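Working through the structure, step by step
Now for the letters of each chain:
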Amino acid sequence: QVQLVESGGGLVQAGGSLRLSCAASGSISSINAMGWYRQAPGKQRGLVAVITSGGNTNYANSAKGRFTISRDNAKNTVYLQMNSLKPEDTAVYYCNADLYREYGRSRNNYWGQGTQVTVSS
């Protein structure tokens, strides 16, 4: 099965920065899009940012102007640079990939295990 592995989470003070990484591995034919979602305690999982294979990006309003999503297609990796972090950014951040698998060229959506981001005030 395809796996997504996130890294880069941690504890930072308000106003600080953090860079998350997510590497997809397995029998991947091509990736249509990769993105970041987050889920705070007691809240639903929501979009943070997404980037397509063509480089188009989309951000949640709360992330716009502070976060930047980027990609390295050769490494099947997506990054999320988070600046000016706020306590309300505290959440588990999940990587997501919309991709085609080599076997049967099936299209599927995959999730990483999540990485904790905690922003203290």
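Before any of the text, the structure's been laid out above.
Fair warning: this is a prediction, and the values are worked out from it, not measured in the lab. (Residues numbered from 1 in each chain as written. Predicted model: local features only at pLDDT ≥ 70, side-chain atom pairs only at ≥ 80, totals over all residues. Heavy atoms only, no water.)

Now for the overall build of the protein. Of regular secondary structure, the protein possesses 0 helices and 11 strands. For 121 residues, the compact-globule estimate of 2.2 N^0.38 gives 14 Å, and the C-alpha radius of gyration of the protein, at 14 Å, lies within 12% of that figure. Structurally, the protein occupies a C-alpha span of about 50 × 25 × 20 Å along its principal axes. Taken over 121 residues, the protein has a buried fraction of 40%. Here the analysis covers contacts within the protein between residues at least 6 apart in sequence; of these, 55% occur between residues at least 24 apart. Averaging the positions of the 12 positive and the 6 negative side-chain charges in the protein gives two centres separated by 3 Å. (Helix = DSSP H or I, 4+ residues; strand = E, 2+ residues; numbered from the N terminus. Rg over C-alpha atoms; globule rule 2.2 N^0.38 Å. Buried < 20%, exposed > 50% of the residue type's maximum accessible area, 1.4 Å probe, protein only. Contact = heavy atoms within 4.5 Å. Lys, Arg positive; Asp, Glu negative; His and termini not counted. Charge placed at Lys NZ, Arg CZ, Asp CG, Glu CD.)

A few words now on the side chain of threonine 115. With respect to the element layout, threonine 115 can be found in strand 11 (residues 115-120). One polar contact links the side chain of threonine 115 to the main-chain amide nitrogen of glycine 9, over a distance of 3.3 Å. Contacts of threonine 115, omitting those with residues within four sequence positions, involve Glu6, Gly9, Leu20, Ala91, Val92 and Tyr93. (Polar contact = N/O pair within 3.5 Å; in protein donor to acceptor, adjacent residues only side chain to side chain.)

A separate point is the nonpolar core. Met34, Trp36, Leu80, Met82 and Tyr93 are the most contacted members of the largest nonpolar core, which has 31 residues in total. Only strand 3 (18-25), strand 4 (28-39), strand 5 (46-52), strand 7 (67-72), strand 8 (77-82), strand 9 (91-101) and strand 11 provide two or more residues apiece to this core. Looking at this core, the element that brings in the most residues is strand 9, giving 5 residues. (Core = buried A, V, L, I, M, F, W, Y, C linked by side-chain atoms within 4.5 Å.)

Moving on: the state of the cysteines. Tallying each qualifying case throughout the model produces 1 disulfide. Put simply, cysteine 22 and cysteine 95 are joined by a disulfide, and their sulfur atoms are 2.0 Å apart. The sign of the S-S torsion, about -85°, decides the handedness of the disulfide formed by cysteine 22 and cysteine 95: left-handed. In this pair, cysteine 22 sits in strand 3 while cysteine 95 sits in strand 9, placing the two residues 73 residues apart along the sequence. (Disulfide = S-S within 2.5 Å.)

By the element assignment, valine 48 lies in strand 5. The exposure class assigned to valine 48 is buried, which follows from its relative accessible area of 1%. Expressed as a C-alpha distance, the spacing of valine 48 and glycine 35, which sit 13 residues apart in the sequence, is 7.6 Å. Setting aside its immediate chain neighbours within four residues, valine 48 contacts Trp36, Tyr37, Arg38, Asn58, Tyr59, Ala60, Ala63, Phe67, Leu80 and Tyr93.

Here we take up the pairing of strand 7. Where strand 7 meets strand 8, 6 bridges bridge the pair, whose relative direction is antiparallel. In the strand pairing of strand 8, threonine 68 is matched with glutamine 81. Where strand 7 folds back on strand 8, the antiparallel hairpin that results is connected by 4 residues, among which asparagine 76 adopts a positive phi of roughly 50°. (Pairing = 2+ DSSP bridges.)

What follows covers unusual backbone geometry. What you tend to see is this: most non-glycine residues have negative phi, and most peptide bonds are trans. Even without being glycine, asparagine 76 reaches a positive phi, approximately 50°. Tracing the sequence through the fold places asparagine 76 in the loop between strand 7 and strand 8.

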